[in-house]
Amino acid sequence: MEKQHTILVVDDEDRIRRLLRMYLEREGYVIDEAEDGEQALEKAFEKNYDLILLDLMLPGMDGLDVCVEIRKKRATPIIMLTARGEETNRVEGFEAGTDDYVVKPFSPRELVHRVKAVLRRASATAFLSTEMETHNVIVFPDLTIDHDAHEVKAGGKVISLTPKEYELLHYLAKSPDKVFSRETLLRDVWNYEFFGDLRTVDTHVKRLREKLNRASAKAAAMITTVWGVGYKLEVPKE
């Protein structure tokens, strides 16, 4: 039997929560609700959700603060719900660790599509495909990526990455020293069917470097910016 995904819906408007619950339960998802940031954190740390739908504008602790706190302990995929015109806040959301965003007012069909896409990407990076060979490990000096175990080590220390951060690192590591444009990364890693904000790539690269740097400056330095072109994972020369 296929696993039922559990989703936490966080929004201070009861009408929005009921609408999201109705559409998502039709798709077979199990839904929990939270109406403010503090309640969201309590539930997010009590239970390992497969996805969190998080409204940006919440009373008290807003969605950005909630996202930052969740990222300190959990790599749960997060989709931020934002009002139209809040582009700056959406960029801040990516910097805080969100995986995608949906703009209000939204089409329920679009939201369900985004939910399915994020869950599909998370599953693809979290679980071993039956077609994969075992010991699917990429090894560099100071950086090891075990794709079977979905584990990254920098300087011998395990690094906790979000699904999107992991997917970005793994994508670059599969083709070391090859430069990828931000457009290519947005298309292949994010799998967007629209022209997303290229700063999404920049903010994820920044967060990835920061996390690697906490364990190994050498590992962090491997993710190189090629000005005017994009990014690559550069293998240190002996």
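Counting restarts for each chain, with residues numbered from 1 along the sequence as it is written. With pLDDT at 70 or above as the cut-off, local features in this predicted model cover only qualifying residues; side-chain atom pairs require 80 or more to be listed or tallied, and sums for whole chains, interfaces and linings still use all residues. Just so you know, side-chain values use all the structure's heavy atoms and leave hydrogens and water out.

- Per an unreviewed UniProt entry, the recorded name for the protein chain is Response regulator transcription factor, and the organism is Paenactinomyces guangxiensis.
- UniProt positions are given in the numbering used here, feature names are shortened, and annotations may be inferred rather than shown by experiment. Recorded in UniProt under Subcellular location (unreviewed entry), the annotation for the protein chain is "Cytoplasm".

### What about the pairing of strand 5 (residues 100-104)?
Step number 1: Relative accessible area decides the class of each residue, using a 1.4 Å probe on protein chains only: under 20% of the type maximum gives buried, over 50% gives exposed, and in between gives partly exposed. Think of it this way: any DSSP run of H or I at least four residues long counts as a helix, any run of E at least two long counts as a strand, and we number them from the N terminus. Along strand 5, five of the five residues are buried, which leaves the element largely enclosed by surrounding structure.
Step number 2: Going residue by residue along strand 5, you find D100, V102 and K104 tucked away on one face and Y101 and V103 tucked away on the opposite face as well.
Step number 3: A strand pair is defined by DSSP finding two or more bridges across the two strands. As paired elements, strand 4 (residues 78-83) and strand 5 share five bridges and run parallel to each other. When the bridges of strand 5 are listed, L81 appears paired with V102.

### Some points on the side chain of D55
Step number 1: Looking at where D55 falls in the secondary structure, it is placed in strand 3 (residues 51-55).
Step number 2: Two residues qualify as a contact provided that any one of their heavy atoms is within 4.5 Å of a heavy atom in the partner residue. What D55 contacts, discounting residues up to four positions off in sequence, is V10, D11, D12, G63, M80, L81 and K104.

### A short note on helix 8 (residues 199-215)
Step number 1: For a helix, the expected span equals 1.5 Å multiplied by the number of residues minus one. Counted at 1.5 Å a residue, the expected span for helix 8 with its 17 residues is 24 Å, and the 25 Å between its end C-alpha atoms agrees.
Step number 2: Within the sequence span of helix 8, burial applies to T200, V201, T203, H204, V205, R207, L208, K211 and L212.

### Section: the sheet that holds strand 1 (residues 6-10)
Sheet strands line up and pair through hydrogen bonds in the backbone, either parallel or antiparallel.
Step number 1: Overall, parallel pairing links the five strands, which are arranged 2-1-3-4-5 in an open sheet. Both outer strands of the open sheet, strand 2 (30-34) and strand 5, are each paired with one neighbouring strand and no more. Neighbour-to-neighbour, the strand axes of this sheet turn through a mean angle of 20 degrees, independent of strand direction. A fitted line through C-alpha atoms represents every axis, and for helices the fit uses only the stretch in contact; the resulting angles, taken between N-to-C directions, go from 0 to 180 degrees.

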